[in-house]
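Secondary and tertiary structure notes
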Amino acid sequence: MSNSTRCAACKSLRRRCSKDCVLAPYFPPTNPQRFACVHKIFGASNTTKMLEQLPLHLRAVAADCMSFEASSRVEDPVNGSVRIISQLQEQIIEAQSELVKTKGEIAFHNAQQQQMQQLQMIHAIAQEGKDQPSWLSSSQQDPFPNVNQQLLEDYNYSNTFCGF
């Protein structure tokens, strides 16, 4: 590169920017702060060595990662990007917990709905029993008097609390 369009790294280091400058594609002159953070945390020599060891197609991602880690480290010298990672993990745990709670509520409401439908069927059966013709004998009207009586009591009990 010519002297007038030196990359941010070469400008910061006050050196000429050669055509084969490893840092030029990843630290453009329009964003000098990006290299300043990376230089402060990793140093120019280490940054150059790390990028040179990587294949070309991975260098941009590596430069982005170094830039992110360096800016995180400048912002929070003790924790760096670990603070952000921890916050994201906490958010994931909270979301998973909320999901479990919501699934439980859905299951509860589905069970409650199923119980309501069963009670409505019992109510319909009880109404049918009242509409039986009077000519049927008592043994024909209710072949299971204890069971039907218990169902009717359960129905009346649920009416008290469920509002049927």
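Residues numbered from 1 in each chain as written. Predicted model: local features only at pLDDT ≥ 70, side-chain atom pairs only at ≥ 80, totals over all residues. Heavy atoms only, no water.

Going by what an unreviewed UniProt entry lists, the protein is known as LOB domain-containing protein and is assigned to Castanea mollissima. Listed under Sequence similarities (unreviewed entry) in UniProt, the entry text for the protein is "Belongs to the LOB domain-containing protein family." (UniProt positions renumbered as here; feature names shortened; annotations may be inferred.)

We now examine the packing of aromatic side chains. Going through the model one piece at a time under the given rule, you end up with one aromatic pair. Measuring from ring centre to ring centre gives 5.4 Å for Phe-27 and Phe-35, while their planes differ by 75°; the resulting arrangement is edge-to-face. Assessed through its relative accessible area of 0%, Phe-27 is described here as buried. (Phe/Tyr/Trp six-rings, centres within 6.5 Å; stacked < 30°, edge-to-face > 60°. Buried < 20%, exposed > 50% of the residue type's maximum accessible area, 1.4 Å probe, protein only.)

This part takes up the nonpolar core. Cys-7, Cys-17, Cys-21, Leu-23, Phe-27, Phe-35 and Leu-51 are the most contacted members of the largest nonpolar core, which totals 20 residues. Of all elements in the fold, only helix 1 (8-13), helix 2 (32-41), helix 3 (44-53) and helix 4 (56-75) reach the threshold of two or more residues within this core. Every residue in contact with Cys-21, bar those within four places of it in the chain, is listed here: Cys-7 and Cys-10. (Core = buried A, V, L, I, M, F, W, Y, C linked by side-chain atoms within 4.5 Å. Helix = DSSP H or I, 4+ residues; strand = E, 2+ residues; numbered from the N terminus. Contact = heavy atoms within 4.5 Å.)

A few words now on the packing of helix 2 against helix 4. For the pair helix 2 and helix 4, the least separation of the axes is 8 Å and the interaxial angle reads 75°. In terms of their interaxial angle, helix 2 and helix 4 are classed as roughly perpendicular. Where helix 2 abuts helix 4, its residues Arg-34, Cys-37, Val-38, Lys-40 and Ile-41 lie against Ala-63, Asp-64, Met-66, Ser-67, Ala-70, Ser-71, Arg-73 and Val-74. For the contact of helix 2 with helix 4, the per-class residue count stands at seven nonpolar, two polar and four charged. (Axes fitted to C-alpha atoms, helices over the stretch in contact; angles between N-to-C directions. Parallel < 35°, antiparallel > 145°, perpendicular 65-115°, else oblique. Nonpolar A, V, L, I, M, F, W, Y, C, P; charged D, E, K, R; others polar.)

Per the stated rule, a full pass over the model turns up four salt bridges. Asp-64 is the partner of Arg-34 in a salt bridge, and the nearest nitrogen-oxygen pair spans 2.8 Å. Of this pair, Arg-34 sits in helix 2 while Asp-64 sits in helix 4, and the two are 30 residues apart along the sequence. For Arg-34, a relative accessible area of 19% translates into the label buried. (Salt bridge = Lys/Arg side-chain N within 4 Å of Asp/Glu carboxyl O.)

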